[in-house]
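Coordinate inspection notes
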Amino acid sequence: MRTTLALFAAIVLVACGGGGGGGGTIAPNPQPVVTPAPQNNSVTPTFTLSFAKSGSSAQRNPRYVNGVATLSVKITLVSNNGTPASGSGTTIIADVNGTSGTPCNPTCTLPGPASPPGTDRYTVRTYDQTGGNGNLLSTATKDFVLVAGAANAGLTITLNGVVKHFSLGSTTAPNAGTTPADVPLVVNVLDADSGTITGNYGDTSLGGPGTPVSVTIDETNPNGATLVAVGGATQVSQYSVTLHSDADSVKFHYGGLAENVRTITVSATGATNATTTFQPTLLPISPVSGTQIDLYVDSTTGGPGSSGGQTFTEPGFTGAPYSQNFSFTFTPSPTYTTPCDQIATISESPAGVFTATAPAKAKPPKAGICDLTINDNLSQAGHTSTATTKVSYTTSSFGPNSKRRR
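About the thresholds
Residues numbered from 1 in each chain as written. Predicted model: local features only at pLDDT ≥ 70, side-chain atom pairs only at ≥ 80, totals over all residues. Heavy atoms only, no water. Helix = DSSP H or I, 4+ residues; strand = E, 2+ residues; numbered from the N terminus. Buried < 20%, exposed > 50% of the residue type's maximum accessible area, 1.4 Å probe, protein only. Disulfide = S-S within 2.5 Å. Core = buried A, V, L, I, M, F, W, Y, C linked by side-chain atoms within 4.5 Å. Contact = heavy atoms within 4.5 Å. pLDDT = per-residue confidence, 0-100.

Right, let's get into the environment of Ser-240. Structurally, the position occupied by Ser-240 is in strand 19 (residues 240-243). The exposure class of Ser-240 is buried, given its relative accessible area of 12%. With 10 residues separating them along the chain, Ser-240 and Val-250 place their C-alpha atoms 9.7 Å apart.

Right under this line is the structure:
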């Protein structure tokens, strides 16, 4: 979450040509800046660090510097006309803010390394400690064409936040079997000091890929919890979305499936993962009718045994499009010892519909009752995951009055 003190900044580069003329900064309130005279045929550029509040007219494009945490800026001349720069003067480190640094509220102007005219490549980095130490907060690299004898004004570089942490919003728990509207999943991408990064994630200067942020859910069923890419986000699969900047976002979609806890993970190279969980509210298993199936077979002459059925329903579990099968056990009821395979065979088709069929002839002919217990294998506080119906068997075909009951 962005704090009320969070500030944003753009780096503005202004260089003076070999004649030593004046230049101006590109800032929310431009002020003239006199650049130092060139030394040894080099141009001494000046960099204006501008902290502007979110929503300022100067922030029409995403720009990022953690103005609360930034205590030093490192400016490096990388190359001139493609030739690597060398020497001790190619990097300038300036402390800013804090008690010993140059105040940057709302702007401060810092000298850069002496640079030859031509195409000069600079890397700018900000840190959360003085002296260019501590955590790297933001960085960018860019080429500038510096012309001797010219003002070289209006040259800008936008810093990209270095991704280190995330904060991830929670999800709601709709009833299983319902399909609510998609809702935004809040993902905040943070730097090392928990500043919210705006603009691109990671260093995208010079066409770099930046630091893609992956949002995934450990789902396997498309009728369960899935993710939807919004804006410039990349839809990798139903269960994975990649974010590239704060202009990208992701929505959470729930298809109604009754399921166990799913974990949503946000990750990126070099960053600490963040997770949150989702589980719908599970509803009871209900038998459509009765709690007992009565079977019989003529124990003397044999012949086909009778069959009977019971249907169980559970929102988000049975019925289209979910069609999940229950697991089940078939065991003798208390006080009965007749093996259940002599009572009936059990099948489930379609999901939730159980058929019990008596064998053609009981061996030996003996009455009994077995418990058919079904299980949705879903765990949640307060949810009863099982239901039971009794299957009884009689030793004659004269009807239910001859059944042995408890």
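Moving on from the coordinates now.
Attention now moves to the state of the cysteines. Under the definition given, this model contains one disulfide. One disulfide in the model links Cys-340 with Cys-370; its S-S distance is 2.0 Å. Between Cys-340 and Cys-370 the disulfide shows an S-S torsion of about -105°. By sign, it is left-handed. You can see Cys-340 sitting in the loop between strand 26 (327-332) and strand 27 (345-348) and its partner Cys-370 sitting in strand 29 (residues 368-375), a full 30 residues away along the chain. Under the relative-accessibility criterion, Cys-340 is labelled buried at 8%. For Cys-370, a relative accessible area of 0% translates into the label buried.

So, about the nonpolar core. By size, the foremost hydrophobic cluster in this structure holds 51 residues, and its most contacted members are Phe-166, Val-187, Phe-330 and Val-391. With residues near it in sequence (within four places) discarded, Phe-330 still touches Cys-340, Ile-343, Ala-344, Ile-346, Cys-370, Asp-371, Leu-372 and Val-391. If you look at the next biggest cluster of nonpolar residues, it comprises 18 residues, including Leu-77, Cys-104, Tyr-122 and Leu-159.

This paragraph deals with the environment of Gln-342. On the secondary structure map, Gln-342 appears in the loop between strand 26 and strand 27. A residue is classified by how much of its surface remains accessible, and Gln-342, at 19% relative accessible area, is buried. Along the primary structure Gln-342 and Pro-359 are separated by 17 residues, whereas in three dimensions their C-alpha atoms are 6.6 Å apart.

With that out of the way, let us pick up the confidence of the model for the chain. In the predicted model, the chain carries a mean pLDDT of 82, and the fraction of residues at 70 or more is 79%. For the stretch residues 52-62, pLDDT sits under 50, and the model shows 16 contacts to residues farther than four places along the chain or on other chains. Across residues 397-406, confidence stays below pLDDT 50; counting only partners more than four residues off in sequence or on other chains, it has 23 contacts.

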